[in-house]
Amino acid sequence: SSLDRWAIDTSTVTPLQDPSVSNWVFVPGIKTLQFELFNHFNFLWSNLRGLGMPMLVNDVQVAPLYPLTLLFLWVPGEYFWNIFVLVRWIIFASGAYLLASRCFRFNLAGSSIFVLTFVFSLFHARWINHAFLNGMAAGIWYLYFTLTLLSTDKQLNHIRNHTGLAWGLVISTYSVVTCGFPEASVIIALATILIVPF
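Residues numbered from 1 in each chain as written. Predicted model: local features only at pLDDT ≥ 70, side-chain atom pairs only at ≥ 80, totals over all residues. Heavy atoms only, no water.

Novice: Would you take a moment to explain the packing of aromatic side chains for this structure?
Specialist: Given two aromatic rings, their pairing is described by the distance between the two centres and the angle made by the two planes. Scanning the model with the defined rule gives 16 aromatic pairs in all. Ring geometry for F80 against W81: centres 4.9 Å apart, planes inclined by 85°, an arrangement best described as edge-to-face. Each member of the pair, F80 as well as W81, is classed as buried. Between the aromatic rings of F132 and F181, the centroid separation amounts to 6.1 Å while the plane-to-plane angle is 90°, which identifies the pairing as edge-to-face. Pair noted here: F132 is in helix α8 (residues 132-151) and F181 is in the loop between α9 (159-177) and α10 (182-195), with a separation of 49 residues, a long-range link. The residues F132 and F181 share a single accessibility class, namely buried. Taken together, the aromatic side chains of W89, F92, F104, F106, F114, F118 and F120 make up a single cluster linked through ring pairs. (Phe/Tyr/Trp six-rings, centres within 6.5 Å; stacked < 30°, edge-to-face > 60°. Buried < 20%, exposed > 50% of the residue type's maximum accessible area, 1.4 Å probe, protein only. Helix = DSSP H or I, 4+ residues; strand = E, 2+ residues; numbered from the N terminus.)

Rendered as structure tokens:
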């Protein structure tokens, strides 16, 4: 029966392998990345999959170069996704709030509604473990820093303030590129093309 086959398959899983990927759950290979990085000081290639595969191709959606992944890579695998998803929601929501309140000039109620309807929408909630949200969280900050730099050109007199905004733009751009889901990067590029001219 299918239950017997499932029991046999799960009994052969080693601690380095990820849980079985079903039609309902997607969990990228974070354990493989942790093993390769901490035991072999390597995040480009893994001999644990197939006859050896590049990490950036096989596990691209684990986003091995994404800043949040690197920040929490030391966390044990069973806690990694809980912490990662929670911190990503906080980063996503705070960036959306700043974008709405400072760049779009919404009031408190409008900014809060923007955060609730955009960040915590059902569309985003169903992708909770997916790298798509990495790109969206980074993209919100990318838009915020881009629009802030464009609008503060005449307002800021201190080069130090421009430097902080420029560093924010660099980090958010890097995060969009390394988010692990190219489609999210394309969406952010399209949003930039549509929003920045206005």
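Novice: Looking at this model, I keep getting lost on the nonpolar core. Mind explaining?
Specialist: Side chains that are nonpolar tend, in soluble globular proteins, to be buried together. Of all hydrophobic cores here, the largest spans 43 residues; its most connected members are I30, Y66, F92, L99 and V119. Of all the secondary-structure elements, those providing two or more residues to this core are α2 (30-40), α4 (67-72), α5 (77-103), α6 (108-119), α8, α9 and α10. Ignoring sequence-local partners within four residues, the contact set of V119 consists of W89, F92, A93, A96, F114 and H124. (Core = buried A, V, L, I, M, F, W, Y, C linked by side-chain atoms within 4.5 Å. Contact = heavy atoms within 4.5 Å.)

Novice: Any chance you could explain α6 here in plain terms?
Specialist: Because the α-helix completes a turn every 3.6 residues, residues three or four places apart line up on one side. In this model α6 runs 16 Å from its N-terminal to its C-terminal C-alpha over 12 residues, within 8% of the 16 Å that 1.5 Å per residue would give. Listed as buried for α6 are S111, F114, V115 and V119. One face of α6 carries all of its buried residues, which in axial projection span an arc of 95°. Facing away from the buried side of α6 by more than 90 degrees, the exposed set consists of I113, L116 and T117. Those residues of α6 that are buried lie in contact with α5 and α7 (122-125). One side-chain oxygen of the residue at the start of α6 lies 3.3 Å from the amide nitrogen of A109, identifying that residue as N107. (Expected span 1.5 Å × (residues − 1). Arc of directions from axis to C-beta. Polar contact = N/O pair within 3.5 Å; in protein donor to acceptor, adjacent residues only side chain to side chain.)

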